[in-house]
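For reference, the chains in residue letters:
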Amino acid sequence: MGDNMQIPNYEKARKRSKEETLIRDFNLEDNCLNIGINKKFFLKTYGCQMNEHDSENIRGMLETMGFKETETMEDAQFIILNTCSIRENAHNKAFGMLGRIKHLKEEHPDIIVALCGCMAQEEGVVAEISKKYKFVNFVFGTHNLDDLPKLLNNSLRDKKLNIEVYSKEGDIVENIPVVRESKYKAYVNIIYGCDKFCTYCIVPYTRGKQRSRRKEDILKEVKELVKDGYQEITLLGQNVNAYGKDLYDDYGLADLLVEVSKTNIPRIRFLTSHPWDFSDKLIEVIRDHDNIVNFVHLPIQSGNNRILKLMGRRYTRESYKELYDKLRSIPNISITTDIIVGFPGETEEEFNDTLDIVNYCKFDSAFTFIYSPRENTPASKLKDDITLKEKEERLYKLNELINDYSLKSNKKMLNKTYDVLAEGISTKEGKLFGYTETNKLVNFTGDEDNIGKIVKVKITDAKSFSLDGELVE
Ligand code: SAH
Ligand code: SF4
Ligand code: F3S
């Protein structure tokens with residue numbers, strides 16, 4: 001590889017420096033300003049809401065440079081993949097896409113191809129790209145998203161593969177241009193990175209040290225969104241409950257939510273909550289503020305204490321239940337979770353503990369996953385002797401149970417009226433779709449004028465994954 005390349009390094013990615021995080025403003029160099037004029041870009045996003053929001057910034061930067069977006073890869077002069085590392089199948093999808101792009105580039109060698117996101121932070125991935133996917137023009141990581149204009153500009157002149165990935169946590173860059181997916185709901189980052197180091201998880205390596213954004217920057221962004229007519233915001237972070245710990249002596253998520261609530265934005269969500277940092281004060285704040293939604297995503301991962309310990313989750317099934325019960329005391333709250341089956345060494349009995357806690361909690365819904373070993377994580381070094389068939393059977397059994405409870409929870413809503421943020425035309429003929437405060441999908445009758453508004457909808461039918469309803473005048 002060339003001399004001036006920055007390749008990812010796990011040793012550095014694991015370190016947590018004591019240095020203060022630098023906060024600076026986005027700066028677009030003049031020579032990058034018009035390089036996109038008369039050109040189109042194709043952007044493909046994998047992964048979580050954080051990646052989706054990064055893609056909104058990528059879109060913002062590219063459009064500022066004059067590019068227009070296209071949904072057809074074949075029409076693009078610039079192709080960019082914003083990737084995810086969380087499980088093997090996310091990897092496979094991105095590599096599959098690179099295979100398609102390779103053919104395209106053989107016919108049109110002038111197309112510029114870039115890869116960014118979490119996979120770019122992986123040593124193994126970058127090694128593979130520089131060996132097998134040399135047609136890629138540049139790779140940049142999650143810590144230097146704002147380098148995109150500069151790297152793109154360089155690649156117009158120099159066609160050689162350029163890798164610029166930093167493994168030490170990055171600065172916080174404010175005011176990166178943004179083009180949001182929705183005109184009604186918006187993502188707002190509040191904390192970057194993760195310091196939890198759950199043993200199966202790659203995120204602390206790909207996103208680096210936990211860094212909170214300044215509260216005044218967050219509030220400024222929310223106030224602008226209110227001015228622009230946004231109805232809903234989601235405060236984002238891998239572990240939002242840790243908000244403020246690295247920045248303030250005594251100011252956390254609960255305090256931030258109170259201040260955000262005062263902007264009078266109709267709906268405030270926050271995602272994701274780790275049970276470890278969930279304070280009583282936070283529960284009170286959710287209960288006492290109408291515009292903070294009664295909805296918490298609280299990943300449990302497993303219902304067995306030995307497995308939870310091996311996962312490094314820092315809570316027990318008992319303490320999870322205790323927190324869960326406190327949250328359930330908030331009227332009409334909806335609680336969802338994430339669960340992993342087939343963690344290395346998980347016995348049938350241990351898996352049954354997971355089913356058992358699902359029966360106790362009766363989650364409104366859940367994302368369920370088969371454990372996927374990730375490069376360099378501690379869990380990937382554990383002996384994994386459960387067969388794939390066994391893992392699939394566990395997943396199937398778990399999903400049956402989860403769907404059963406989703407249906408039950410949805411059925412409780414029948415014939416009642418709820419606030420729904422109408423987001424668009426549903427794939428079902430003549431209907432609109434939107435979400436309740438508790439994040440349930442509703443397809444309902446109503447005319448297009450309602451899109452972008454929070455309307456009253458009476459629920460007429462309930463299924464496991466969605467509800468039907470009609471607009472109440
Ligand atoms: N920060 C969030 C989770 C982010 S990742 C939290 O801690 O709650 C989203 C979900 O992916 C996790 O909750 C977990 O259930 C799943 N996940 C993460 N790493 C995984 C792996 N190696 N194999 C399978 N599922 C995984
Ligand atoms: Fe991964 Fe755990 Fe951090 Fe969530 S809290 S991102 S599962 S290390
Ligand atoms: Fe995937 Fe990175 Fe998000 S690994 S889940 S895109 S933080």
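Residues numbered from 1 in each chain as written. Chains lettered and ligands numbered in written order. Predicted model: local features only at pLDDT ≥ 70, side-chain atom pairs only at ≥ 80, totals over all residues. Heavy atoms only, no water.

Trainee: How should the overall build of the chain be read in this particular structure?
Mentor: Assigned secondary structure in the chain consists of 13 helices and 21 strands. Relative to the compact-globule value of 23 Å for 473 residues, the chain shows a C-alpha radius of gyration of 23 Å, a close match. The 473 residues of the chain split such that 55% are buried. Pairs at least 24 residues apart make up 76% of the contacts formed inside the chain by residues separated by at least 6 positions. For the chain, the exposed surface amounts to about 21,600 Å²; the carbon and sulfur share of it is 48%. Taking the average location of the 70 positive side-chain charges in the chain and that of its 77 negative ones, the two points are 2 Å from each other. (Helix = DSSP H or I, 4+ residues; strand = E, 2+ residues; numbered from the N terminus. Rg over C-alpha atoms; globule rule 2.2 N^0.38 Å. Buried < 20%, exposed > 50% of the residue type's maximum accessible area, 1.4 Å probe, protein only. Contact = heavy atoms within 4.5 Å. Areas by Shrake-Rupley, 256 points an atom, 1.4 Å probe, with all protein chains shown as cover. Lys, Arg positive; Asp, Glu negative; His and termini not counted. Charge placed at Lys NZ, Arg CZ, Asp CG, Glu CD.)

Trainee: Even after reading the chapter, I still don't get the nonpolar core, so can you show me in this structure?
Mentor: Within soluble globular proteins, side chains that are nonpolar generally end up buried alongside one another. Ile190, Ile233, Leu235, Leu257, Phe270, Phe278 and Leu327 are the most contacted members of the largest nonpolar core, which has 55 residues in total. Ile190 has contacts with Arg211, Ser212, Arg213, Ile218, Leu235, Leu236, Val240, Tyr243, Leu253 and Leu256, leaving out every residue within four places of it along the chain. (Core = buried A, V, L, I, M, F, W, Y, C linked by side-chain atoms within 4.5 Å.)

Trainee: Help me understand the site of ligand 1 in this model?
Mentor: Inspection of the region around ligand 1 gives 15 residues, with Gln238, Pro299, Gln301, Asp338 and Ser372 positioned closest. In this structure, an oxygen atom belonging to ligand 1 sits 3.0 Å away from a side-chain N or O atom of Arg87. Arg313 is positioned with one of its side-chain polar atoms (N or O) 3.2 Å from an oxygen atom of ligand 1. Going through the elements one at a time, strand 15 (334-341) and strand 16 (365-370) are the ones with two or more residues in the shell around ligand 1. (Near = heavy atom within 4 Å. Polar contact = N/O pair within 3.5 Å; in protein donor to acceptor, adjacent residues only side chain to side chain.)

Trainee: I'm lost on the sheet that holds strand 20 (residues 454-462) in this one. Help?
Mentor: By definition, the strands of a sheet pair up through backbone hydrogen bonds, in either a parallel or an antiparallel sense. Strand order in the closed barrel formed by five strands is 17-18-19-21-20, with mixed pairing between adjacent strands. Looking at each pair of strands side by side, their axes are set apart by 50 degrees on average, direction ignored. Where strand 17 (residues 417-425) meets strand 20, five bridges bridge the pair, whose relative direction is antiparallel. Directly across from Leu421, in strand 20, lies its bridge partner Ile454. (Pairing = 2+ DSSP bridges. Axes fitted to C-alpha atoms, helices over the stretch in contact; angles between N-to-C directions.)

Trainee: So what exactly am I meant to see when it comes to helix 7 (residues 215-227) here?
Mentor: An α-helical segment advances 3.6 residues per turn. Residues three or four places apart therefore align on the same side. With 13 residues, helix 7 extends 18 Å from end C-alpha to end C-alpha; this agrees with the ideal 18 Å at 1.5 Å per step. Along helix 7, the residues that are buried comprise Asp217, Ile218, Leu219, Glu221, Val222 and Leu225. In the stretch just after helix 7, Gly229 is the one whose phi turns positive, near 90 degrees. (Expected span 1.5 Å × (residues − 1).)

Trainee: What is the right way to read the domain arrangement of the chain from this model?
Mentor: One frequent convention defines the size of an interface as the accessible area lost when the parts assemble. Here the domain parsing of the chain yields domain 1 (10-164), domain 2 (176-411) and domain 3 (417-471). Here domain 2 and domain 3 have C-alpha centroids that lie 25 Å from each other. Opposite the 20 residues of domain 2 that make contact, domain 3 presents 20 residues. Together, the buried faces of domain 2 and domain 3 total about 1,600 Å²; carbon and sulfur atoms form 51% of this surface. Connecting domain 2 to domain 3 are two salt bridges. Between Glu423 and Lys185 there is a salt bridge whose closest N-O contact spans 3.0 Å. Our enumeration of links across domain 2 and domain 3 arrives at 12 residue pairs in polar contact (both at pLDDT 80 or more). (Domains from an automatic or database assignment. Buried area = accessible area lost by both parts, 1.4 Å probe. Salt bridge = Lys/Arg side-chain N within 4 Å of Asp/Glu carboxyl O.)

Trainee: Got a minute to help me understand unusual backbone geometry in this structure?
Mentor: For residues that are not glycine, phi is negative in most cases, and the peptide bond is trans in most cases. Leu271 connects to Thr272 through a cis peptide bond whose omega is 0 degrees. Within the secondary structure, Thr272 is located in the loop between strand 13 (267-271) and helix 9 (280-288). Of note, the phi angle at Phe197 is positive, near 50 degrees, even though the residue is not glycine. Considering the arrangement of structural elements, one finds Phe197 in the loop between strand 10 (191-192) and helix 6 (203-206).

Trainee: Teacher, can you tell me more about the site of ligand 3 here?
Mentor: Around ligand 3, a shell composed of Cys48, Asn51, Cys84, Ser85, Ile86, Cys118, Arg207 and Gln238 is seen. Classifying every residue of the shell around ligand 3 by side-chain character gives four nonpolar, three polar and one charged. (Nonpolar A, V, L, I, M, F, W, Y, C, P; charged D, E, K, R; others polar.)

Trainee: Help me out: how do you make sense of the state of the cysteines in this one?
Mentor: Counting across every chain of the model gives zero disulfides. For Cys32, which is in no disulfide, the shortest distance to another cysteine sulfur is to Cys116 and amounts to 16 Å. For Cys32, a relative accessible area of 2% translates into the label buried. (Disulfide = S-S within 2.5 Å.)

Trainee: What should I look at first to understand the packing of aromatic side chains in this one?
Mentor: Aromatic rings in a pair are described by how distant their centres are and how their planes are angled relative to each other. The final tally for this structure, using the stated rule, is 14 aromatic pairs. Here the aromatic rings of Phe41 and Phe67 are separated by 6.5 Å at their centres, their planes lie at 85 degrees, and the arrangement is edge-to-face. Taken together, the residues span a long stretch of sequence, with Phe41 in strand 2 (residues 40-45) and Phe67 in the loop between helix 2 (49-64) and strand 3 (68-69) at a distance of 26 residues. Pair check on accessibility: Phe41 and Phe67 agree, each one buried. Between Tyr320 and Tyr324, the aromatic rings sit 6.2 Å apart at their centres with planes inclined by 25 degrees, giving stacked as the arrangement. You can see Tyr320 and its partner Tyr324 sitting in helix 11 (residues 317-328), four residues apart, about one turn around the helix. Taking the relative accessible area as the measure of exposure, Tyr320 reaches 1% and is therefore buried. The ring of Tyr46 is capped by Lys44, whose NZ or CZ atom sits 5.6 Å from the centre of that ring. When the ring centre of Tyr360 is taken as origin, the NZ or CZ atom of Lys321, which lies over that ring, is 4.5 Å away. (Phe/Tyr/Trp six-rings, centres within 6.5 Å; stacked < 30°, edge-to-face > 60°. Lys NZ or Arg CZ within 6 Å of the ring centre and 35° of its normal.)

Trainee: I'm lost on the sheet that holds strand 16 in this one. Help?
Mentor: Strand order in this open sheet of three strands is 14-15-16, and the pairing throughout is parallel. Of all the strands in the sheet, the pair left with one neighbour each is strand 14 (295-297) and strand 16. In this sheet, neighbouring strand axes are inclined to one another by 10 degrees on average, regardless of whether the strands run parallel or antiparallel.

Trainee: Help me understand the pairing of strand 12 (residues 232-236) in this model?
Mentor: Moving residue by residue along a regular strand, the side chains alternate between the two faces of the sheet. In terms of residue burial, strand 12 counts as a mostly covered element, since five of its five residues are buried. Pairing geometry for strand 12 and strand 13, over five bridges, is parallel. By the bridge assignment, Ile233 is partnered in strand 13 with Ile268. Where the polypeptide runs from strand 12 across helix 8 (residues 253-261) and back to strand 13, its parallel neighbour, the crossover connection is right-handed. (Right-handed = clockwise from strand over helix to strand, strands pointing away.)

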